[in-house]
Amino acid sequence: MNAPSTLDLAHLSAMDLTHAAHLLKGVRDATLSGQRPRVLPRPVIGDSWGRMILGGVDPDHDHRSRLLTEEELEERRRASPLLEILPVLRDGLVSVADAAQHIMVVSDADGRVLWREGSAAVLRKADSLGFEPGADWGENVVGTNGIGTPLVVRRPVQVFSAEHFVQTHHPWTCTGAPVTDPRDGRLLGVVDVSGPLQTIHPATLALVDSVAKLGEARLRDRHVTALDRLRAVAAPVLARLDGRALAVDVHGWTAAVTGMPPADRLALPKSFGAGRSWLPSLGSCLVEPLPGGWLLRLENPGDVPRPVTATRLVLDVSSPRRWTLSVLGGAHDWTHELSPRHAELLYLLCTYRTGRTASGLAEDMFGDPARTVTVRAELSRVRRYLGGLLAHRPYRFHEEVDVDVIMPKSPADLLPHSMAPAVRAARRLTEP
C-alpha cells in the first residue's frame, strides 16, 4: 500500500482555490476523527494540529480570552521594541496588503495584537472574527494561525483555509513571520499579513519574512550605534585602569576591553547590577554603571578564571518557548536562558550521556552528518558558559555531574520550534 503524499504550499496555491479548500477540509476532518488522511498535511500544520488536539482546543468553536483594555494595550505598545521598527513594517507591507485585500497585523511575543492596518473591508471582516487590537491570538487560544503558530515554531508560516484548526477561521489565509531581538535572540512578536482565502499567494511568505528581517536589521543597526556610544564613554575610563576590565551593554555585548582577550558577549545573570558579581566565564568582578551599560573590573587580575565546578545540571525544556540551564552545587549557582539552538544541542547531549561525536550531533540536528562545522561552532559558544563541565571527543557532560532534564507534560510540546530529526522523533512519541 502506497504511503500518503504530503501537501506543499506551491501545489495548494496552484490548485483551484475551492478545490484546495475542500481538500484541506477533508484532511482536517480525517485527522480530527482519528483516521489517516489520504493526503497528509504539511509538517508544520500537522505538528500544530497535534498540539491543539492534545491541548484540548475546540476545533469547531472560537473561544477567546478577554481583550486588553485601552490602557493595557497602550502600555504594551509603548514597551514593545517593535514600536521602533513599525515604520519599516508599514513601508514593506501596508501598501501591498491594502492593494491585495489584506491587512497587516503586528503582535507581541504573547500573541496579543498590538497594531493592524490595511484594507478597510478586510478590517471589518477581522472585527467580526475578533481579530482586533488587544486580542489574544496565541496558538493555545485560537488554534493554528498565522500569529500563534510562528510564535511557537519561530519561523515563517502560511496558514490557508482549513489548515486553521478552528473552523471559523477557514475563510482566511494568514502569513506570519517572527521578529527576534538581534541583541539577545529574544522573541519580540510576529508580523502577519491576513485576508480572504482567495488572496493566497506563495510569494507572500517570502515577502513577510523579508520585511521581518528588515525590521531585525534596523534593530541591529540601532544596537551597533548604541555600542559605539558606550565605547566612546568607556574607552577613556579603561585607559586609566590597570589589570583586566571590560565594558558591556545591558545585554552583555562587549564595547571595549583592556588587559584581556576580547569576547563578543558575556552571559549576564538576571540579577546583574552594581557591586560585586560572579560570572561563569570571568569569575568575581566589581561592577560599576556606565551610560548604556556596565564597567566590569576583574578581581585578582593575576589569576586565570578557573573552570566552573558543579555537582548538578538542570536543563528545563518544559516550556514551549523558554528554556534554561541551571548549574548547581558549586561555589556559585547560576541559571542561563538558552537560545533555541543551544536548547536543542543540550537536550541531545542529555539524551546521549555517554557522549556524541560532532558528526552524530550533526545528523541529529540536521539529518546531515557532514555539517560538523556548525555543530562545533555552537558547542564552542556553549563552552563559554559551561566551561569544564562539557567535555569533547566525544562531546558529553562530565561523568561526576548529575544531569536532570525537566520535560514538558507531553512530549508533543518538546522544543516545538525544532526541526531536528532527533527532536521530531521524540515528539512523535505521542502523536494522536
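Just so you know, these numbers come straight off a predicted model, no measurement behind them.

(A) Representation of the sheet that holds strand β14 (residues 324–328). One open sheet holds the four strands; their spatial order is β15-β14-β13-β18, and the pairing between them is mixed. The sheet is open, and its two edges are formed by β15 (334–337) and β18 (402–406), each paired on a single side. The sheet shows a mean angle of 15 degrees between the axes of neighbouring strands, taken without regard to direction. Examined bridge by bridge, β14 and β15 share four bridges and lie antiparallel to one another. From the neighbouring strand, Thr 324 faces β15, where its bridge partner is Glu 337. Across the sheet, helix α10 (residues 340–351) touches β13 (312–316), β14 and β18, and the angle it forms with β13 is around 125 degrees. Its contacts with the sheet put helix α12 (residues 372–386) on β13, β14 and β15, and the angle it makes with β14 is roughly 40 degrees.

(B) Just the nonpolar core, in detail. Within the largest apolar cluster, 35 residues are counted, with the highest numbers of intra-cluster contacts made by Leu 313, Leu 346, Leu 386 and Phe 397. Broken down by secondary-structure element, the contributors of at least two residues to this core are β13, β14, α10, α11 (358–366), α12 and α13 (421–427). Looking at this core element by element, the count peaks at seven residues for α10. With sequence-adjacent residues up to four places away left out, Phe 397 is seen in contact with Leu 313, Leu 346, Leu 349, Cys 350, Arg 353, Leu 386, Leu 389, Leu 390 and Val 403. Core analysis: the second largest hydrophobic core is formed by 22 residues, Val 39, Val 57, Val 152 and Phe 160 among them.

(C) Representation of the sheet that holds strand β3 (residues 103–108) within the structure. One open sheet holds the five strands; their spatial order is β4-β3-β7-β6-β5, and the pairing between them is antiparallel. Taken across any chain shown, the strands that pair with only one partner, and hence form the sheet edges, are β4 (113–118) and β5 (157–160). Ignoring which end each strand starts from, the neighbouring axes of this sheet average 15 degrees apart. Bridge analysis of strand β6 (residues 172–180) against strand β7 (residues 187–196) gives nine bridges, and the strand direction is antiparallel. Across the sheet, the residue bridging to Gly 176 is Asp 192, located in β7. Relative to the sheet, helix α9 (residues 203–239) contacts β5, β6 and β7, its axis offset from that of β6 by approximately 25 degrees.

(D) Inspection of the UniProt feature "domain: GAF" (unreviewed entry) in the protein at higher detail. The feature "domain: GAF" (unreviewed entry), as annotated in UniProt, sits at residues 107–214 in this numbering. In residues 107–214, the share of helix is 30% and the share of strand is 29%. The end C-alpha atoms are 17 Å apart.

(E) Inspection of helix α3 (residues 43–55) at higher detail. For α3, built from 13 residues, the straight-helix expectation of 18 Å at 1.5 Å per residue is met to within 8% by its first-to-last C-alpha distance of 18 Å. The set of residues buried in α3 consists of Val 44, Ile 45, Asp 47, Ser 48, Trp 49, Gly 50, Arg 51 and Met 52. Against the buried residues of α3 lie α2 (17–32), α7 (139–142), α8 (148–153), β5 and α13. Remark: Gly 56 follows α3 within two positions and exhibits a positive phi of approximately 80 degrees.

Conventions used here
- Residues numbered from 1 in each chain as written.
- Predicted model: local features only at pLDDT ≥ 70, side-chain atom pairs only at ≥ 80, totals over all residues.
- Heavy atoms only, no water.
- Pairing = 2+ DSSP bridges.
- Helix = DSSP H or I, 4+ residues; strand = E, 2+ residues; numbered from the N terminus.
- Axes fitted to C-alpha atoms, helices over the stretch in contact; angles between N-to-C directions.
- Contact = heavy atoms within 4.5 Å.
- Core = buried A, V, L, I, M, F, W, Y, C linked by side-chain atoms within 4.5 Å.
- Buried < 20%, exposed > 50% of the residue type's maximum accessible area, 1.4 Å probe, protein only.
- UniProt positions renumbered as here; feature names shortened; annotations may be inferred.
- Expected span 1.5 Å × (residues − 1).

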